[in-house]
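Breakdown of the fold
Listed below are the residues making up each chain.
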Amino acid sequence: MNEREASSSASPAVGRALDMLMYLAARPGLVQAATLARDLDIPRSSVYHILTVLADRGFVTYVPTEKAYGLGVTSFEVGSAYLRHEPLERLARPILRTLARGLGQTVHLGILHGAETVYLLKERPPAGRAGDIDIALVTDVGVRLPAHLTANGRAILAHSPKAQVRALFPRPGDLTTRTGKGPRTLAGLVEELARERERGWSQEAELVTRGFCSMGVAAFDHHERPIAALSTTWRRRHPRHDVDEVRDALRHAAARLTAAVSGHPPATA
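For clarity, every value in this text was computed on a predicted model and none was experimentally measured. (Residues numbered from 1 in each chain as written. Predicted model: local features only at pLDDT ≥ 70, side-chain atom pairs only at ≥ 80, totals over all residues. Heavy atoms only, no water.)

**Comments concerning the overall build of the protein**
Helix and strand counts for the protein stand at eleven helices and eight strands. Counting only residues that meet the buried cut, the protein has 46% of its 269 residues in that class. Put simply, 62% of the contacts in the protein that link residues at least 6 apart link residues at least 24 apart. For the protein, the exposed area adds up to about 13,500 Å²; of that, 52% sits on carbon and sulfur atoms. (Helix = DSSP H or I, 4+ residues; strand = E, 2+ residues; numbered from the N terminus. Buried < 20%, exposed > 50% of the residue type's maximum accessible area, 1.4 Å probe, protein only. Contact = heavy atoms within 4.5 Å. Areas by Shrake-Rupley, 256 points an atom, 1.4 Å probe, with all protein chains shown as cover.)

Here it is, written out as structure tokens:
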């Protein structure tokens, strides 16, 4: 008996729960309980019992209209906690330094934590190139902001399964706003994210701070899932570059980070 078989026989319910989570993580959409039972060779009664426990703790979410399951908020939080460890930051830091120097703008590395953007790194351009913009930015390391308002968070949400996006916003008709701008309903947010996913980058204009806009591009893991995003912010009325230049610089930097973590972008990215 190998180590995996020994651990599974010692605690079959735990092994089955982990197998189910890994199965859901590898699928791009929702999965019905019957499919889990068939593909994993687990009795249906056990599948429903385990799914109930996982749902109670937020690891999976049930979508009644589809009668199917997807990963829940807690699964995102566990993944985000892993990504906050030093290796990701160490790989991203030189990439951000080059990006900040090339754009002459402050740039960030951010991840999702629940429905919030958490900024892990902030890289400023060489002294004198950023002007007074950095004074007005609220995006310091460790700051959390509503993900649906930040370009960084939206870049990650745009490439996340719809079921997981819905799970992150339990009040679909009352989304948070900071400046009175931005999507106010989950349906409106999903429409915007679909357009951003298709074009491969996200942008917000005065959703976080009046007078400023930001752009973000996601980096991906080996399962083609978004793990983080790179973003930059500038004054809306006094841009240093046109949108295409900023987009291309961010996409190049995000591609470098994806390669550094042995990831692969999805075909639409």
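**Some thoughts on the packing of aromatic side chains**
As enumerated under the stated definition, the model contains one aromatic pair in all. Between the aromatic rings of Y62 and Y69, the centroid separation amounts to 4.9 Å while the plane-to-plane angle is 45 degrees, which identifies the pairing as tilted. The exposure class of Y69 is buried, given its relative accessible area of 11%. Above the face of the W201 ring, R199 is positioned so that its terminal group lies 3.8 Å from the ring centre. (Phe/Tyr/Trp six-rings, centres within 6.5 Å; stacked < 30°, edge-to-face > 60°. Lys NZ or Arg CZ within 6 Å of the ring centre and 35° of its normal.)

**Brief notes about the nonpolar core**
Most often, soluble globular proteins have nonpolar side chains that are buried together. Counting 27 residues, the largest nonpolar core has L88, L96, L99, L109, L230, L250 and L257 as the members making the most contacts within it. For this core, the secondary structure elements donating two or more residues are α6 (86-103), β3 (107-113), β4 (116-123), β7 (212-220), β8 (226-235) and α11 (243-260). Setting aside its immediate chain neighbours within four residues, L109 contacts L88, A92, L96, V118, Y119, L120, L121, N152, A228, A229, L230 and L257. (Core = buried A, V, L, I, M, F, W, Y, C linked by side-chain atoms within 4.5 Å.)

**Considerations on the environment of Y62**
Tracing the backbone shows Y62 in strand β1 (residues 60-63). Counting along the chain gives 32 residues from Y62 to L30, while the straight-line C-alpha distance between them is 8.9 Å. Sequence-distant contacts of Y62, that is, excluding residues within four places in its chain, are made with K67, A68 and Y69.

**Concerning unusual backbone geometry**
Unusually for a residue other than glycine, K67 sits at a positive phi of about 50 degrees. For E206, which is not glycine, the phi dihedral falls at a positive 60 degrees. With respect to the element layout, E206 can be found in the loop between β6 (202-205) and β7. Assessed through its relative accessible area of 14%, E206 is described here as buried.

**Here's the deal with the sheet that holds β4**
Overall, antiparallel pairing links the six strands, which are arranged β5-β4-β3-β8-β7-β6 in an open sheet. One side of each edge strand has no neighbouring strand; the edge strands of this open sheet are β5 (144-146) and β6. Each strand of the sheet is rotated relative to its neighbour by a mean of 30 degrees, with strand direction disregarded. Across three bridges, β4 lies against β5 in antiparallel orientation. Bridging from a neighbouring strand, E116 pairs with P146 of β5. Lying over the sheet, α11 contacts β3, β6, β7 and β8, oriented at roughly 30 degrees with respect to β7. (Pairing = 2+ DSSP bridges. Axes fitted to C-alpha atoms, helices over the stretch in contact; angles between N-to-C directions.)

**Re the confidence of the model for the protein**
Note: predicted coordinates in regions of low pLDDT should not be interpreted at a detailed level. Residue-level pLDDT values for the protein average 85, and 87% of them are 70 or greater. Within the model, pLDDT remains below 50 along residues 1-10, and this stretch shows three contacts once partners closer than five positions in the same chain are excluded. (pLDDT = per-residue confidence, 0-100.)

**Some details on the pattern of salt bridges**
Applying the stated criterion across every chain, the model contains ten salt bridges. In this structure, E123 and R97 form a salt bridge, with 3.7 Å as the shortest nitrogen-oxygen distance. Here the residue E123 occupies a position in strand β4, and R97 occupies one in helix α6, the gap between them amounting to 26 residues. R97 sits in the partly exposed class, given a relative accessible area of 37%. The partner of E196 in a salt bridge is R154, with the nearest N and O atoms 2.7 Å apart. Taken as a pair, E196 in helix α10 (residues 186-199) and R154 in helix α8 (residues 151-157) lie far apart in primary sequence, 42 residues in all. Given a relative accessible area of 5%, E196 falls into the buried group. (Salt bridge = Lys/Arg side-chain N within 4 Å of Asp/Glu carboxyl O.)

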